[in-house]
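Here is how the chains run, residue by residue.
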Amino acid sequence: MKPFHVLLCLCAAATSLPLQAQVADTARHAIPNVVVTGTRNTADVRYLAATVTVIDRETLTQNEQVNILPTLAQQVPGLLVTSRGMMGYGVSGGAAGGINLRGISGGAGQLLVLIDGHPQYQGIYGHPIADAYQTLMAERVEVLRGPASVLYGSNALGGVINIVTRGANNTFAGQRDCTSTQIQLGAGSYGTFQAEAANQLRIGRFSSTFAAQYSRSDNHRPRMGFEQYGGYWKLGYDLSEHWNSYADIDLTHFNASQPGTTDAPVWDADQHITRGAVSIGLENHYSRTNGGLSVYSSFGRHKIDDGTSDPTTPTQRFFRSKDVLTGFNIYQSARLFEGNRTTVGIDYQHIYGRAYYTSKATGDVLDTPNKQSGRSYRNEIAGYVDLRQDLFDWLTLDAGIRLDHHSISGTEWIPQFGIVVRPTSNGELKATASKGFRNPTMRELYLYPPSNTDLRPERIWNYELAWRQQLDGGRFTYGINIFYLKGDNMIQQVPVPGVPPMRMLNTGIVENSGLELNAHWRIDNHWSLNTNHSFLHMTHHVLAAPDYAGFLGANYRCGKFAANLGLQFIDRLYTQLNGATQADDTETFTLVNATVSYQLLPSLRLWARGENLLAQRYEINKGYPMPRATFMAGVKLDF
């Protein structure tokens, strides 16, 4: 029997078992219903037209991953993250960490990562930096599938990943003068090591969350080392019952090497990357209105050696870049009358970038084939309105519009429409039509000869129908989504007569449709199951987008012992597109992962994790074979 059939049989068996009597801890394990990503204010997903998946901190930490992306790839239907080794994604040539959702690529800047609603991406290339999204800072992650440009603007073309940061107010809800400290150590295959320490405290109106992390790995191929340092600190102060303030900073630095593909190895391909994000905010919370003002900055420094195919002739220069994305957002959401929720907001961004080369021998800046001498900046300002109205207990209408002005690309209107019908008290049917867009990046406008200053924004329209229902007091939840998206003006590098060698043009078209399924079942005090599946049809194939992806997870807890087992099946993952004259390269594989832990002492837990336990041979990045079975083990202190 094929792994695909095994997975479907297991899922069918899981969802056909008789539901058990309700247990006392149902509320503690219920699927979260309150989110902030689909609307700037806190909202119940039953009244929200958007499709949002929530991954709480318990799920993010149960497999002891230092990065949030491996967990998201298992828990979110239709989301896949490229990888090349046991630890570390890297940047530049041979990099992994590309986030693909419904065939829309974060590597092309078409999927937006947020930290507390603030955009995070490389200012010149416009893509997320995967190694910067560490678990240590995340209270939960909310993934909105489908365009979210009405609220978040450019780059939210295919969806958003919003990392909601940890805060002592979340940990010590309803408590005063509390403190908690956690320390974790782990080691495993290929010299892999990870360490994390965190402290949270609350004293009166003041709260603090601090976390620091170190990790490293030699990985499974020569010249593929990875080392990372990271830290996060958030301070909060409750000014009154209705007003609170916060400030936070997140910093990470990593050194990564890549050995090239198995057919074309390289030497000295090293990267030294520093990324950071800071923000300060003021929030208000009243019975009929809430809102906030925040100022933020995301920045990076990068030094890259592209490597050489001949180890006897090292390269003579470094590629360097600096970027800063600074902005503010202000919004206020109010219930103007019965059943109404109106949100208005203003966003502003200033994006600066500089790309250049320096001599390894002297450190001098070398000539760089860029327009505007390798420096560029752009400004973006937008205003938006989102209206949600409950007409009856069973019907909600939603409409939003954004007017976005970009200093290079001009003005863009972004509308969104949605309807939610609740035919039963525990189920809702949603229909949405939403537009997403992406402004061209600095690289596409200015960097290297293929650039083109006449580029226009990419645009996508997404149409979606979704059903979600809770059964047995919320212990069993399932959802079904059908979507169709079509985009034009997609930016591609194409040959142009008389313009050697290539040029960036708005010539691409994307047309995808698919079906997504997900379910979560809390069976009893000890067992729970969760599963998700995505079927994707692409008129034009996209790298790192599988035709089918499925996941089945089983969680068991009894006394001091806990275990998590995950089965993931990927069918026809596109790793290389060869054009009309030759068949594309695809991969099909099955992964089995497991984590077990034991509470040895009240403050000491032992854990062990195994990945790819079937020792599968497979690639996600073409030419970069993934490791066979790997193992990690460690301890966690909590006091």
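All values derive from a computational prediction rather than experimental measurement.

Definitions and limits used
Residues numbered from 1 in each chain as written. Predicted model: local features only at pLDDT ≥ 70, side-chain atom pairs only at ≥ 80, totals over all residues. Heavy atoms only, no water. Helix = DSSP H or I, 4+ residues; strand = E, 2+ residues; numbered from the N terminus. Polar contact = N/O pair within 3.5 Å; in protein donor to acceptor, adjacent residues only side chain to side chain. Contact = heavy atoms within 4.5 Å. Core = buried A, V, L, I, M, F, W, Y, C linked by side-chain atoms within 4.5 Å. Buried < 20%, exposed > 50% of the residue type's maximum accessible area, 1.4 Å probe, protein only. Pairing = 2+ DSSP bridges. Axes fitted to C-alpha atoms, helices over the stretch in contact; angles between N-to-C directions. pLDDT = per-residue confidence, 0-100. Phe/Tyr/Trp six-rings, centres within 6.5 Å; stacked < 30°, edge-to-face > 60°. Lys NZ or Arg CZ within 6 Å of the ring centre and 35° of its normal.

Enquirer: Mind showing me how you'd approach the side chain of Thr181 here?
Expert: The residue Thr181 is located in strand β11 (residues 178-188) in this model. A distance of 2.8 Å separates polar atoms of two side chains, one belonging to Thr181 and the other to Asn199. Beyond its immediate chain neighbours, meaning those up to four positions away, Thr181 contacts Ala198, Asn199, Leu637, Asp638 and Phe639.

Enquirer: Explain the nonpolar core here, please?
Expert: The tendency in soluble globular proteins is for nonpolar side chains to be buried as a group. The biggest cluster of nonpolar side chains holds 68 residues, and the ones touching the most others in it are Ile68, Leu72, Leu79, Val141, Ile161 and Ile163. Setting aside anything within four residues of it in sequence, one finds Val141 in contact with Thr53, Val54, Ile55, Leu60, Ile68, Leu72, Ile161, Asn162 and Ile163. Core analysis: the next-biggest nonpolar cluster, separate from the first, contains 12 residues, Ile460, Met490, Val510 and Met538 among them.

Enquirer: Any chance you could explain the sheet that holds strand β6 (residues 104-105) here in plain terms?
Expert: Taking strand neighbours across the sheet as the criterion, the three strands line up as β4-β5-β6 in an open arrangement whose pairing is antiparallel. The strands lining the two open edges of the sheet, one partner per strand, are β4 (79-81) and β6.

Enquirer: Hey, could you run me through the sheet that holds strand β10 (residues 159-165) in this one?
Expert: If you trace the five strands from one edge of the open sheet to the other, you get β3-β9-β10-β7-β8, paired in mixed fashion. Of all strands in the sheet, those bounded by a partner on one side alone are β3 (51-56) and β8 (118-120). The mean inter-strand angle of the sheet, taken between neighbouring strand axes irrespective of direction, is 25°. Relative to strand β9 (residues 138-145), β3 runs antiparallel, the two being bridged by six bridges. Across the sheet, residue Ile55 finds its bridge partner in β9, namely Val141.

Enquirer: Mind showing me how you'd approach the confidence of the model for the protein chain here?
Expert: In this model, the protein chain carries an average pLDDT of 89, and 92% of its residues clear a pLDDT of 70 or more. Helix α2 (residues 26-29) is the least confidently modelled element of the protein chain, averaging 34 in pLDDT, while strand β32 (residues 604-611) averages 98, the highest of any element. This model gives residues 1-31 a pLDDT under 50, and the stretch forms 47 contacts once residues within four places in sequence are excluded.

Enquirer: Where do I start with the packing of aromatic side chains in this structure?
Expert: Here a ring pair, both rings aromatic, is described through the centre-centre distance and the interplanar angle of the planes. Within this structure, the stated rule accounts for 16 aromatic pairs. With a centroid separation of 6.4 Å and 85° between ring planes, the pair formed by Phe210 and Trp233 is classed as edge-to-face. Here Phe210, found in strand β13 (residues 206-217), pairs with Trp233, found in strand β14 (residues 226-238); they are 23 residues apart in sequence, far enough to count as distant. Taking the centre distance of 5.3 Å and the plane angle of 5° together, the rings of Phe392 and Trp394 count as stacked. Relative accessible area serves as the criterion here: at 47%, Phe392 is assigned to the partly exposed category. For Arg317, the ring lying beneath its charged end belongs to Tyr357, and the centroid distance is 3.7 Å.

Enquirer: What's the story with the environment of Tyr598 in this structure? I'm lost.
Expert: Mapped onto the elements of the fold, Tyr598 is located in strand β31 (residues 585-601). The class for Tyr598 is partly exposed, based on a relative accessible area of 38%. Between the C-alpha atom of Tyr598 and that of His253, which follows or precedes it by 345 residues, the distance is 32 Å. Each residue touching Tyr598, except ones within four places of it in the same chain, is listed here: Lys560, Phe561, Leu604, Arg605 and Leu606.

Enquirer: Help me out: how do you make sense of the pairing of strand β18 (residues 317-334) in this one?
Expert: Regular strands have side chains that alternate between both faces of the sheet. Pairing of strand β17 (residues 289-304) with β18 involves 16 bridges; the strand directions are antiparallel. In the sheet register, His302 faces β18, and the bridge partner there is Ser321. Here β18 pairs with strand β19 (residues 340-359) via 18 bridges, running antiparallel. When the sheet's bridge partners are listed, Asp323 is paired in β19 with Gly353. Following β18, the chain reverses through five residues before pairing antiparallel with β19; Gly339 in that reversal takes a positive phi of roughly 80°.

Enquirer: Is there a simple way to think about the environment of Ser407 in this case?
Expert: Here Ser407 lies in the loop between β22 (395-406) and β23 (410-424). Of the residues examined, Ser407 reaches a relative accessible area of 38% and is grouped as partly exposed. For the pair Ser407 and Tyr377, spaced 30 residues apart in sequence, the C-alpha to C-alpha distance is 9.1 Å. For Ser407, the residues in contact, after removing those within four places along its chain, are Arg378 and Asn379.

Enquirer: Explain unusual backbone geometry here, please?
Expert: Trans is the common state for peptide bonds, and a negative phi is the common state for residues other than glycine. For Arg102, which is not a glycine, the phi torsion comes out positive at approximately 55°. Note that Arg102 resides in the loop between β5 (99-101) and β6. The phi torsion at Asp472 lies on the positive side, around 55°, for a residue other than glycine. In this structure, Asp472 sits in the loop between β25 (458-471) and β26 (476-496). Overall, Asp472 belongs to the partly exposed group, its relative accessible area being 28%.

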